[in-house]
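Structure at a glance
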Amino acid sequence: MKQSFLVIVFLLIATAAPAQAPFYQGKTIRIVTGYPAGDVNDLWPRLVAQHMSKYLSGNPSFIIQNMPGASSMIAANYVYNVAKPDGLTLGWIAPTLYFDQLVGRKEVQYDWAKYGFISSPAQSEHQLYMRADAPYKTIEDVRKAAEPPKCGSGGATGTGFYFPKLLEETVGAKFNIVLGYQGGGPIDLAVEKGEIHCRAMTIESFFAREPFHSWRKKNFVRSIAQSGRKRDARLPDTPTIHELMDQYKTTDQARRVATVILAGGVFGRPLVGPAGIPADRLKTLRAAAMSALNDPELKADAEKRNYELDPVSGEEMEKLAKEVMAQPPAVIERMKKVLGN
């Protein structure tokens, strides 16, 4: 009888206690993207945000804040150092910012391996395009040129910088890389004006938007190298860096440096949080992001935009981050040479 009485009392107390509201109810999640408005890395987080809310209890709202500069390092430093680790501020940053930490650049205010990696919509392979009217039709032309072609880049961690530099280190091509552009749009405009000849960028972006649709129709540019281990179906005539390394008998150490640098393609378009997000909340964010990236409506939207979609989980990214940050001194010294340190 006494035991039954206690059970009844417990049930009454439990019934009377107000249900705890989900953490995200009534809250807003901010995604800080290190890219200008209109860039693919501005459009992607907006697409993810449209669908991610419904997979979080409480259905929070999302806002996107643009914080471009230094190939997204400004945004990366902000998310790591200023944002609270409460799961309400996330970052959409460059996949190669670990370069700067490995080579010891003083601007770095983050620890790549300690970010709360959430997801990436896809791995990213890259290509180098060249104005078709430039005298550089192939990598061999670049190797032999008396004057190197000018390629544009935002900073030393962007694809526009490291892919040409990697081609220099591995196959002997020479490039004059012009830094300081605030996003891909200004670089493409500089190519149109004839101020520079080339740009390295993701293959996805090259097939996703203007001016590239028009450029391809007019044969305004040609791709002369790509980063994947096999040729992208859309670039069947463009050699991969691995084919070029075979052709030019690249040394084993240079190939190892290429492997570390090209790992950035696996990170793709990383969505991250600051270090220290509670484990259960990070797990919730990861699950919601992956659910959003597998949502049929998002898939349909991505297909319409010609976006690549092959999601990479936060757990995979976290494991890779720890691996790439554990490099021996010889590889780091060679990376410093490639990256201009």
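Cut-off values and rules
- Residues numbered from 1 in each chain as written.
- Predicted model: local features only at pLDDT ≥ 70, side-chain atom pairs only at ≥ 80, totals over all residues.
- Heavy atoms only, no water.
- Helix = DSSP H or I, 4+ residues; strand = E, 2+ residues; numbered from the N terminus.
- Buried < 20%, exposed > 50% of the residue type's maximum accessible area, 1.4 Å probe, protein only.
- Contact = heavy atoms within 4.5 Å.
- Areas by Shrake-Rupley, 256 points an atom, 1.4 Å probe, with all protein chains shown as cover.
- Core = buried A, V, L, I, M, F, W, Y, C linked by side-chain atoms within 4.5 Å.
- Axes fitted to C-alpha atoms, helices over the stretch in contact; angles between N-to-C directions.
- Parallel < 35°, antiparallel > 145°, perpendicular 65-115°, else oblique.
- Left-handed = near helix turned anticlockwise from the far one by under 90°.
- Expected span 1.5 Å × (residues − 1).
- Polar contact = N/O pair within 3.5 Å; in protein donor to acceptor, adjacent residues only side chain to side chain.
- Nonpolar A, V, L, I, M, F, W, Y, C, P; charged D, E, K, R; others polar.

A few words now on the overall build of the protein. The number of helices and strands found in the protein is 16 helices and eleven strands. Considering the protein as a whole, with its 341 residues, one finds that 54% of them fall into the buried category. Of the contacts formed within the protein by residues at least 6 apart in sequence, a portion of 78% connects residues at least 24 apart. When the accessible surface of the protein is split by element, carbon and sulfur atoms take 54% of a total near 15500 Å².

Let's shift gears to unusual backbone geometry. Omega for the bond connecting Glu210 with Pro211 falls within 30 degrees of zero, at 5°, which places this linkage in the cis form. Tracing the sequence through the fold places Pro211 in the loop between helix 8 (203-206) and helix 9 (212-218). For Ser71, which is not glycine, the phi torsion reads 55° and is therefore positive. Checked against the element boundaries, Ser71 lands in the loop between strand 2 (61-66) and helix 3 (73-81). With a phi close to 55°, Lys249 is a non-glycine residue in the positive phi region. Locating Lys249 in the fold gives a position in the loop between helix 10 (241-247) and helix 11 (252-262). Given the relative accessible area of 68%, Lys249 is considered exposed.

This next bit is on the nonpolar core. Counting 92 residues, the largest nonpolar core has Trp44, Trp112, Tyr115, Leu167 and Met335 as its most contacted members. Residues within four places of Trp112 in sequence aside, it is in contact with Ile93, Ala94, Pro95, Leu97, Tyr98, Gln101, Phe117, Phe267, Ala321, Val324 and Met325. Tyr129, Tyr181, Ala190 and Ile203 belong to the second-largest nonpolar core, a separate cluster that totals 14 residues.

This part covers the packing of helix 2 (residues 40-52) against helix 14 (residues 296-304). Axis separation between helix 2 and helix 14 bottoms out at 9 Å; the angle between their running directions is 155°. Taken together, the axes of helix 2 and helix 14 lie roughly antiparallel to each other. In this structure, helix 2 crosses over helix 14, and the sense of that crossing is right-handed. Along the contact surface, helix 2 presents Trp44, Leu47, Val48, Gln50 and His51, while helix 14 presents Glu297, Leu298, Asp301 and Ala302.

Here helix 2 contains 13 residues, and its C-alpha end-to-end distance of 18 Å stays within 8% of the 18 Å for a straight helix at 1.5 Å per residue. Judged by how many residues are buried, helix 2 sits mostly within the fold: ten of 13 residues are covered. Taken residue by residue, helix 2 has Val40, Asn41, Asp42, Trp44, Pro45, Leu47, Val48, Ala49, His51 and Met52 as its buried positions. For helix 2, the secondary structure elements touched by its buried residues are strand 1 (28-33), strand 2, strand 3 (89-92), helix 8, helix 13 (279-293) and helix 14. With a side-chain oxygen lying 2.8 Å from the backbone nitrogen of Asn41, the N-terminal cap of helix 2 falls on Asp39.

This paragraph deals with helix 3. For helix 3, the buried fraction is high: seven of the nine residues fall into the buried class. Every buried residue of helix 3 is listed here: Met73, Ala75, Ala76, Asn77, Tyr78, Val79 and Tyr80. Elements that come into contact with the buried residues of helix 3 comprise strand 1, strand 3, helix 4 (98-102) and strand 10 (271-273).

Here we take up the side chain of Asn41. Residue placement: Asn41 occurs in helix 2. For Asn41, a relative accessible area of 10% puts it in the buried group. Side chain to side chain, Asn41 and Trp92 meet in a polar contact 3.0 Å long.

When two helices pack together, their arrangement is given by the angle between the helix axes and by the axis-to-axis distance. The geometry of helix 2 relative to helix 13 is characterised by a closest axis approach of 9 Å and an angle of 100° between their N-to-C directions. As summarised for this structure, helix 2 and helix 13 are arranged roughly perpendicular, according to the angle between their axes. Within the contact between the two elements, helix 2 uses Trp44, Val48, His51 and Met52 and helix 13 uses Leu285, Ala288, Ala289, Ala292 and Leu293. Looking at the contact of helix 2 with helix 13 residue by residue, the classes come out as eight nonpolar, one polar and no charged.

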